[in-house]
Amino acid sequence: MSNLEQTLSIIKPDAVERNLIEEIKNEFKKNNFVILKEKKIKIEKHEAEKFYQVHQSKPFYNDLCSYLSSGPIVVMILERENAISENRKLMGATDPSKAEEGTIRKKYGVSIDKNSVHGSDSQENAKIEIDFFFKD
Ligand code: UDP
Ligand code: MG
């Protein structure tokens with residue numbers, strides 16, 4: 001049965017800074033994702049804190065929010081069959097040194113914090129995250 005989904009993807013500051021936007025977008029396109037919407041923005045720290053509020057009790061929360069608001073990012077709505085799980089597969093493990101060959105984080109990630117991309121982890125969060133950036 002078909003399961004067309006949308007997920008939120010972010011190209012994080014480390015990748016934007018290294019001019020990897022087009023290369024990373026090509027990874028999505030090659031893997032049958034359609035980029036329905038995209039925008040390059042810079043967010044404030046309080047917005048990053050809201051976006052990552054599920055992580056507020058984690059020791060890395062403050063650094064994570066400083067980092068996501070440290071420079072321009074590209075936010076995108078990606079669509080394909082099983083977009084949420086397929087995007088997680090394509091991104092690879094959170095820690096690039098543990099990510100499988102061929103994944104975006106393996107190819108482009110620098111470290112567990114500078115891991116180049118974000119992707120929603122569930123249908124519920126995909127909806128919340130898409131609305132966060134694209135609800136007018
Ligand atoms: N992160 C970090 N240190 C850690 C774990 C995570 O800096 O020990 C950062 C990392 O950038 C990650 C983000 O926090 O992408 C969100 O963590 P999560 O566990 O949700 O990983 P993801 O879903 O991005 O793979
Ligand atoms: Mg996550």
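Counting of residues starts from 1 at the beginning of each chain's written sequence and follows it residue by residue. The lettering of chains begins at A and the numbering of ligands begins at 1, in the order of writing. Local features in this predicted model are restricted to residues of pLDDT 70 or higher, and side-chain atom pairs are both shown and tallied only at a pLDDT of 80 or more, whereas totals for entire chains, interfaces and linings draw on every residue. With hydrogens and water set aside, each side-chain value is computed from the structure's full complement of heavy atoms.

### Remarks on helix α7 (residues 123-134)
Link 1 in the chain: To qualify as a helix, a DSSP run of H or I must reach at least 4 residues; to qualify as a strand, a run of E must reach at least 2; elements of each kind are numbered from the N terminus. To estimate how far a helix should reach, multiply one less than its number of residues by 1.5 Å. Spanning 12 residues, α7 covers 16 Å between terminal C-alpha atoms, matching the ideal 16 Å at 1.5 Å per step.
Link 2 in the chain: Think of it in three bands: with a 1.4 Å probe and only protein chains considered, a residue is buried below 20% of the maximum accessible area for its type, exposed above 50%, and partly exposed in between. Listed as buried for α7 are A126, E129, I130, F133 and F134. Axial view of α7: buried residues confined to an arc of 105°, hence all on one face. Seen from the buried face of α7, the exposed residues on the opposite side, beyond 90 degrees, are E124 and K127. Throughout, the arc means the angular range of directions from the helix axis out to the C-beta atoms.

### Observations concerning the pattern of salt bridges
Opposite charge on two side chains permits pairing when their charged atoms draw close.
Link 1 in the chain: Salt bridges are defined by distance alone: a side-chain nitrogen of Lys or Arg within 4 Å of a carboxyl oxygen of Asp or Glu. Summed over all chains, the structure comprises nine salt bridges.
Link 2 in the chain: The salt bridge involving K98 is made with D95; its shortest N-O contact spans 3.9 Å.
Link 3 in the chain: Under the relative-accessibility criterion, K98 is labelled exposed at 64%.
Link 4 in the chain: Between E101 and K106 there is a salt bridge; the shortest N-O distance is 3.9 Å.
Link 5 in the chain: By relative accessible area, which is 67% here, E101 ends up exposed.

Worth remembering: the numbers are spatial, not functional.
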